[in-house]
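Take a look at the letters that make up each chain.
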Amino acid sequence: MRTYHYFWLLFWVSLSRQSSSILLSKRTSGFPENPKVLDLSRSNLKELNRSKRSWMWNQFFLLEEYTGSDYQYVGKLHSDQDRGDGSLKYILSGDGAGDLFIINENTGDIQATRRLDREEKPVYILRAQAINKRTGRPVEPESEFIIKIHDINDNEPLFTKDIYNASVPEMSDVGIIKTALLNMDRENREQYQVVIQAKDMGGQMGGLSGTTTVNITLTDVNDNPPRFPQSAYQFKIPESAPLESPIGRIKASDADIGQNAEMEYNIIEGDGSEMFGIVTDKETQEGIVMVKKALDFEKKRQFTLKVEASNPHVDPRFLYMGPFKDSTTVRILVEDVDEPPVFTRPAYILEVKEDVPINTIIGAVTARDPDIVKNPIKYSVDRHTDMDRIFNIDTGNGSIFTSKLLDRETLLWHNISVIASEINNPKESSRVPVFIKVLDVNDNAPEFAMFYETFVCENARAEQLIQTLSAVDKDDSFGGHKFSFSLAPEVASTSNFTIQDNRDNTAGIFTRKSRYNRHDMSMYLLPVVISDNDYPIQSSTETVTIRVCACDQRGKMLSCNAEALIHPTGLSTGALIAILLCIIILLVTVVLFAALRRQRKKEPLIISKEDIRDNIVSYNDEGGGEEDTQAFDIGTLRNPEAIEDNKLRRDIVPEALFIPRRTPVVRDNTDVRDFISQRLKENDTDPTAPPYDSLATYAYEGNGSVAESLSSLESVTTDGDQDYDYLSDWGPRFKKLADMYGGAESDKDS
């Protein structure tokens, strides 16, 4: 379809006399005067045998970056319906219509209002239409056309980056950016800067150009061997330096960087290769000389080492430049320090017999000062290891002697520590363990292996075995113990029993006669002598308890009542327990009875609701201040204005009735002290006063009490009702009063 329109455009150009064109009065300067007209007429050619639209769309071409002062002319729209009478109106819509592109609605001329840039937008698509001004109806259908922007060389070449960074290994041959010098050395110069220019149009005249900067860095290669700045190093180290402690640092310089400057250090020869070692510090590439074995100034004072430094990463291309390693000499001087004394042995084992007397020398320890000056040494025992002070030591020669008697059976080994310190410098000291073994001496007599208590039947026969004995000895015997058993000499001939030694460290007790009577003798104590065969011979006398019991025909014990025969008046254990329980029950009963007797029945707080003021209630949780805690009649302290007529006492029975005297009314501002004195005087002269065995106690709190009086004495000074609800706010101590007076008020109201 678009080719078809192009055809009609060319046809219209060839028949320019048959179509009319209206040119703008102002033409764009600097451009050809050839008219650019888009004819949108209806064709009358019948030979095409098809109906065509009256509008024909096409393309307009416009140069970018127009610099003229007037609007840039684009082209002209024309319709065959336009008779030139101004009845038609041209309308433009689409990209930039009305803003970037404007149209003369009468003539159809299109103009660009500002400079266009193809790089921003190369094509604009617009739509054109012709309408009747009078009716407002379109005379032709709307058609679309294109405005293309022609490119001109208005942009210089641009690099994608302002600055380029490149790296070239030193000593390189060729590359995209070639080195101009042979064997460029990074160690001499590392950074280079090159400005590169780019031109368009193949570099022809009129073309534009752009530049950029390339920063070139020469990267490092391992072309420099390590070198020690010194041919010899010297360090000093005290002989007391611990193992693996550093002595000093050495470093070989290398002009290369990074991996190419890494170092390895090794001791290749020297008289101290076994005493010292060297390691590489990966951070600083230094060699650290360290102690491998303990030093001794007195044995060797100086060592010489030969240390080699080399590059672990060698570039074969540069081996011709020489070996990539270097060596230096390290001298180490050992300094003398004041060392503590050294014992001749790491530990001492001594032996002593347990029967040695006090102050017997059992052995000695020896220590020496390893220093050249040979300071004198003082010996002592660490008392934390010998709390009982069993041993002591000669401070001068180190001889150890006993200070207390020893006993192997109590403690076999004694482990103590001996301290050797310099007399001139006591801080320099050392210690050694001393193990003392106490050797055994036959100083303990054999004894029974257990306590023997046996019995003999009353119907026993003569020469009957009743018990087998065995013995033990606390002493050691390398050849084994051999014990002998016999009766004590004093009973050997009179005893009713005999001892038979079995020669195997056991013995048997046999009856010497037949038939025993427990009523004649209920128990026998048989002394037995036990002896060993060691030197010196030790013996002991042990006692065997033999009771006489009633037995059956088979020799089974039935009863042994020796206690009842010996203590006929004694009480058994069960009887004692029963008596004790009775006593405990009796004591508990007495305590409970006393507690019940002391518990008293509480009287009602209020006897009469009608006369609530006749008695004072005794309570223990009073707020303080009142001493009248015993009930008594306070009729004498009543307000005279509130006294009831002919009110008798409740605690006594009067013998005669007297007419009570009415006392004068006391003013409200009368002092309480005067009031009490006046009532006391009246009470003394009143024949109806209580007898002397009734004691009335009155308490006066005094003036200035913040809480005022806590007594209810003034509660009868007025006939009006009082509110006692404030008693509930005084806390649990006044709960009784609050309940009493609050209840009275409620009863009165009811």
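- Under the annotation held in an unreviewed UniProt entry, the protein chain carries the name Cadherin-6 and is attributed to Salvator merianae.
- The record held by UniProt for the protein chain lists under Function (unreviewed entry) the comment "Cadherins are calcium-dependent cell adhesion proteins. They preferentially interact with themselves in a homophilic manner in connecting cells; cadherins may thus contribute to the sorting of heterogeneous cell types."
- A UniProt comment under Subcellular location (unreviewed entry) is attached to the protein chain, and it reads "Cell membrane".

A word on the overall build of the protein chain
Part 1: Secondary structure summary: the protein chain contains 5 helices and 36 strands in total.
Part 2: When burial is assessed residue by residue, the protein chain has 34% of its 750 residues classed as buried.
Part 3: Partitioning the intrachain contacts of the protein chain with sequence separation of at least 6 by distance along the chain shows that 66% fall at a separation of at least 24.
Part 4: For the protein chain, the accessible surface area stands at approximately 47900 Å², while carbon and sulfur atoms represent 52% of it.

Concerning the pairing of strand β18 (residues 325–335)
Part 1: Across 7 bridges, strand β12 (residues 232–238) lies against β18 in parallel orientation. Note on β18: the bridge partner recorded for Lys236 is Leu333.
Part 2: Note that strand β17 (residues 302–310) and β18 share 9 bridges and pair antiparallel. Residue Leu305 lies in a different strand from β18, and its bridge partner there is Val330.

Comments concerning the packing of aromatic side chains
Part 1: Under the counting rule described, the total for this entry stands at 10 aromatic pairs.
Part 2: Ring plane angle 85 degrees and centroid distance 5.0 Å describe the contact between Phe448 and Tyr452, whose orientation is recorded as edge-to-face. As far as the burial class goes, Phe448 and Tyr452 line up, both buried.
Part 3: Between the aromatic rings of Phe497 and Tyr524, the centroid separation amounts to 5.4 Å while the plane-to-plane angle is 75 degrees, which identifies the pairing as edge-to-face. Pair noted here: Phe497 is in strand β32 (residues 497–501) and Tyr524 is in strand β34 (residues 523–531), with a separation of 27 residues, a long-range link.
Part 4: Judged by its relative accessible area of 16%, Tyr524 is buried.
Part 5: Cluster of aromatic residues (ring-pair linked, three or more members): Phe228, Tyr233 and Tyr265.
Part 6: When the ring centre of Phe303 is taken as origin, the NZ or CZ atom of Lys300, which lies over that ring, is 5.4 Å away.

Examining the sheet that holds strand β16 (residues 286–291)
Part 1: Pairing is antiparallel across the open sheet formed by 3 strands, whose spatial order is β13-β16-β15. The open sheet has two edge strands, β13 (246–250) and β15 (276–281), and neither has a second partner. Neighbour-to-neighbour, the strand axes of the sheet open up by a mean angle of 25 degrees, direction not taken into account.
Part 2: Looking at chain direction, β15 and β16 are connected through 6 bridges and run antiparallel.

A look at the UniProt feature "transmembrane region" (unreviewed entry) in the protein chain
Part 1: The positions UniProt marks with the feature "transmembrane region" (unreviewed entry) are residues 575–596.
Part 2: Annotated as 100% helix and 0% strand, the span residues 575–596 places its first and last C-alpha atoms 32 Å apart.

With respect to the pattern of salt bridges
Part 1: Inspection of every chain in the model, using the stated rule, returns 17 salt bridges.
Part 2: We note a salt bridge from Asp476 to Arg408, for which the minimum N-O separation is 3.2 Å. With Asp476 in the loop between β30 (465–472) and β31 (484–487) and Arg408 in the loop between β25 (399–402) and β26 (413–422), the pair connects residues that are 68 residues apart, well separated along the chain.
Part 3: Residue Asp476 is classed as partly exposed on the basis of its relative accessible area of 44%.

Describing the sheet that holds strand β21 (residues 361–364)
Part 1: Strand order in the open sheet formed by 3 strands is β21-β25-β24, with antiparallel pairing between adjacent strands. Strands at the two margins of the open sheet, each flanked by one partner only, are β21 and β24 (391–393). Neighbour to neighbour, the strand axes of the sheet diverge by 25 degrees on average, direction disregarded.
Part 2: As paired strands, β21 and β25 are joined by 3 bridges and run antiparallel to one another. Its bridge partner being in β25, Ile361 is matched across the sheet by Phe401.

Quick notes on the confidence of the model for the protein chain
Part 1: In the predicted model, the protein chain carries a mean pLDDT of 77, and the fraction of residues at 70 or more is 72%.
Part 2: The model gives residues 563–569 a pLDDT under 50, and that stretch makes 4 contacts with residues more than four places away or in other chains.
Part 3: Here residues 605–614 is modelled with pLDDT under 50, and outside its nearest four sequence neighbours on either side it reaches 20 contacts, counting other chains as well.

Examining the state of the cysteines
Part 1: Evaluated as defined, the whole model comprises 2 disulfides.
Part 2: Residue pairing for Cys457: its cysteine sulfur links by disulfide to Cys551, the two sulfurs lying 2.1 Å apart. Since a negative S-S torsion denotes a left-handed disulfide, the Cys457-Cys551 link at about -85 degrees is left-handed. With a gap of 94 residues between them, Cys457 in strand β29 (residues 453–457) and Cys551 in strand β35 (residues 539–551) connect regions that are remote in the sequence.
Part 3: By sequence-ordered numbering of the bonded cysteines, the protein chain has its disulfides arranged as 1-3, 2-4.

Topic: the side chain of His414
Part 1: Counting through the fold element by element, His414 comes out in strand β26.
Part 2: According to the relative accessible area criterion, His414 is buried, its value standing at 9%.
Part 3: If sequence neighbours within four positions are ignored, His414 has contacts with Ile390, Phe391, Leu406, Val434, Phe435, Ile436 and Val438.

Concerning the environment of Asn533
Part 1: By the secondary structure assignment, Asn533 is in the loop between β34 and β35.
Part 2: Exposure remark for Asn533: the relative accessible area of 41% places this residue in the partly exposed category.
Part 3: Taking C-alpha positions, Asn533 is 6.8 Å from Phe483, a pair spaced 50 residues apart along the chain.

Details of unusual backbone geometry
Part 1: The linkage connecting Tyr535 with the following residue, Pro536, adopts the cis geometry, with an omega of -10 degrees.
Part 2: Structurally, Pro536 can be placed in the loop between β34 and β35.
Part 3: Backbone geometry at Arg503 places phi at a positive 65 degrees, although glycine is not the residue there.
Part 4: Assignment of secondary structure puts Arg503 in the loop between β32 and β33 (506–511).
Part 5: For Arg503, a relative accessible area of 73% gives the class exposed.
Part 6: Even without glycine at this site, Arg515 takes up a positive phi of about 65 degrees.
Part 7: Mapped onto the elements of the fold, Arg515 is located in the loop between β33 and β34.
Part 8: Look at Arg515 and you get exposed, because its relative accessible area is 60%.

Rules used in this analysis
Residues numbered from 1 in each chain as written. Predicted model: local features only at pLDDT ≥ 70, side-chain atom pairs only at ≥ 80, totals over all residues. Heavy atoms only, no water. UniProt positions renumbered as here; feature names shortened; annotations may be inferred. Helix = DSSP H or I, 4+ residues; strand = E, 2+ residues; numbered from the N terminus. Buried < 20%, exposed > 50% of the residue type's maximum accessible area, 1.4 Å probe, protein only. Contact = heavy atoms within 4.5 Å. Areas by Shrake-Rupley, 256 points an atom, 1.4 Å probe, with all protein chains shown as cover. Pairing = 2+ DSSP bridges. Phe/Tyr/Trp six-rings, centres within 6.5 Å; stacked < 30°, edge-to-face > 60°. Lys NZ or Arg CZ within 6 Å of the ring centre and 35° of its normal. Axes fitted to C-alpha atoms, helices over the stretch in contact; angles between N-to-C directions. Salt bridge = Lys/Arg side-chain N within 4 Å of Asp/Glu carboxyl O. pLDDT = per-residue confidence, 0-100. Disulfide = S-S within 2.5 Å.

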